[in-house]
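Notes for the structure review
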Amino acid sequence: SDCIAAEQLCLSDSVCNATYRILENCALAKTRFLPLDHDSRVRCLNAELDLGNSSLLHCKCHRRMKRQEHCLRIFWTVHSSMTDGYFNLETSPYENPANEEHWKTDYNELAALVSGNGSQLAGDATNPCLKATHVCNLSKKCVRLRTDYASICTKGAGSEDTCDRRKCHRALRNFFEKVPEDFTRRILFCPCQDVLCGERRRKTIVPECSFQYNTKPNCLWLLDSCLEDHICKSRLADFQQNCQPADTSPDGCSQHNHAACLQAYMGMIGTPMTPNYVSNSSVEVSLWCTCESSGNQKEKCDQILGMFESNKCL
């Protein structure tokens, strides 16, 4: 099911190899926003159909794999027709999202770990976000990667020289991909009762660098930046699949898996479409963008913003 292995298999077969090369050219034209004429579009669609039962057509990528970008590039080469001017990507390139049960049970192990370090955690009862950072400090990897992104994302933030947002985003992705989710989700989703705790939670991702610009860009601009980037496009597809709201469903989710939705939300952090909490006193999240001056694309823009702002599933 791994796209890298599937690509190697395909390249060793002359017929599959020739079809795959056609798809590579189609995907390349799309990333450069070159308009395809009717014949080229037909050729691209036919090449996708020719793959038929090839393992390439059904391959997936792992969230934490080493050559993730290479794997995702293969996935979008094979599925390039899915994004033809339509941002509902629908099919996630990632395999098997988080299981609801797995997310619940592991908390007990952490509780035991924390109780063994009582002295360090004394007085944290009122601030679960502070407690979550102490729990992170118990893991060498968690504290190292958290310190990494904090120092990169605070360099220049709030002063004359602006921070390096690209480096900040990469460090954030590194943290959320390499540290076990037991730690990362506690830090990001700690339950707050007061403003101090809420402030700490909102500042988890150093929003001055990773989230906010001086002025709010249009959400369609954010979307365009995202679709040009294999990782962001993949995380967005994952988010759309696992956080798809359903008004008729009692839990508000079409997939009925809140753990998978929260995991997909975490995946968006460190991409051009990084979301965050909007205030210290609520759990509402949003993108840093606006739909003003969207012209005849206002509806599409509202849809993008609404995926985060008024998504019952999330």
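Residues numbered from 1 in each chain as written. Predicted model: local features only at pLDDT ≥ 70, side-chain atom pairs only at ≥ 80, totals over all residues. Heavy atoms only, no water.

The name an unreviewed UniProt entry gives the chain is GFRA4 protein, with Alectura lathami as the organism. Under the UniProt heading Sequence similarities (unreviewed entry), the entry covering the chain gives this text: "Belongs to the GDNFR family." Listed in UniProt under the heading Subcellular location (unreviewed entry), the comment for the chain reads: "Cell membrane". (UniProt positions renumbered as here; feature names shortened; annotations may be inferred.)

Remarks on helix 4 (residues 68-78)
Burial runs high along helix 4: eight of the eleven residues are buried. Among the residues making up helix 4, those that are buried are Gln-68, Cys-71, Leu-72, Ile-74, Phe-75, Trp-76, Thr-77 and Val-78. (Buried < 20%, exposed > 50% of the residue type's maximum accessible area, 1.4 Å probe, protein only. Helix = DSSP H or I, 4+ residues; strand = E, 2+ residues; numbered from the N terminus.)

Remarks on the confidence of the model for the chain
Per-residue confidence for the chain gives a mean pLDDT of 82; residues scoring 70 or more make up 84%. When the elements of the chain are averaged for pLDDT, helix 6 (residues 118-121) gives the smallest value, 46, and strand 1 (residues 275-277) the largest, 94. (pLDDT = per-residue confidence, 0-100.)

A short note on a negative patch on the surface
A grouping of Glu-69, Asp-224, Glu-228 and Asp-229 is seen on the molecular surface, where their side chains present a negatively charged patch. Inspection of the secondary structure puts Glu-228 in the loop between helix 13 (219-227) and helix 14 (230-242). According to the relative accessible area criterion, Glu-228 is exposed, its value standing at 52%. (Patch = residues over 30% accessible without salt bridge, like charges linked within 9 Å, V, L, I, M, F, W, Y side chains within 5 Å. Areas by Shrake-Rupley, 256 points an atom, 1.4 Å probe, with all protein chains shown as cover. Salt bridge = Lys/Arg side-chain N within 4 Å of Asp/Glu carboxyl O. Lys, Arg positive; Asp, Glu negative; His and termini not counted. Charge placed at Lys NZ, Arg CZ, Asp CG, Glu CD.)

As for the nonpolar core
Core analysis: the biggest nonpolar cluster contains 50 residues, and Leu-172, Phe-175, Phe-176, Phe-239, Met-273, Leu-287 and Ile-304 have the highest contact counts within it. Beyond its immediate chain neighbours, meaning those up to four positions away, Leu-287 contacts Phe-211, Leu-222, Met-273, Thr-274, Pro-275, Ile-304, Leu-305 and Phe-308. Counting residues in hydrophobic clusters, the runner-up holds 22 residues, among them Leu-23, Met-65, Trp-76 and Ala-237. (Core = buried A, V, L, I, M, F, W, Y, C linked by side-chain atoms within 4.5 Å. Contact = heavy atoms within 4.5 Å.)

A look at the state of the cysteines
Evaluation of the coordinates by the stated rule reveals 14 disulfides. Covalently, Cys-26 is tied to Cys-44 through a disulfide, its sulfur atoms 2.0 Å apart. Between Cys-26 and Cys-44, the disulfide has an S-S torsion of -95 degrees and is therefore left-handed. Note that Cys-26 is positioned in helix 2 (residues 14-31) and Cys-44 in helix 3 (residues 38-50), a separation of 18 residues in sequence. By relative accessible area, which is 6% here, Cys-26 ends up buried. Between the sulfur atoms of Cys-291 and its disulfide partner Cys-301 the distance amounts to 2.2 Å. One disulfide, between Cys-291 and Cys-301, carries an S-S torsion of -95 degrees and so falls in the left-handed class. Of the two residues, Cys-291 is situated in the loop between strand 2 (285-287) and helix 16 (298-309) and Cys-301 in helix 16; the sequence distance between them amounts to ten residues. Across the pair, exposure class does not vary: Cys-291 and Cys-301 are buried alike. (Disulfide = S-S within 2.5 Å.)

Re the pattern of salt bridges
Opposite charge on two side chains permits them to pair, given that their charged atoms come into close proximity. Applying the stated criterion across every chain, the model contains eight salt bridges. Note that Asp-182 and Arg-185 form a salt bridge whose closest N and O atoms lie 2.9 Å from each other. Highlighted residues: Asp-182 and Arg-185, both in helix 10 (residues 181-188), separated by three residues, approximately one helical turn. Of the two residues, Asp-182 and Arg-185, neither departs from the other in class, the shared state being buried. Residue Asp-302 is joined to Lys-298 by a salt bridge in which the shortest nitrogen-to-oxygen separation is 2.9 Å. With a gap of four residues between them, Asp-302 and Lys-298 both fall in helix 16, about one helical turn apart. When salt bridges with common partners are traced through the structure, they connect Arg-21, Glu-24 and Arg-73 into a single cluster.

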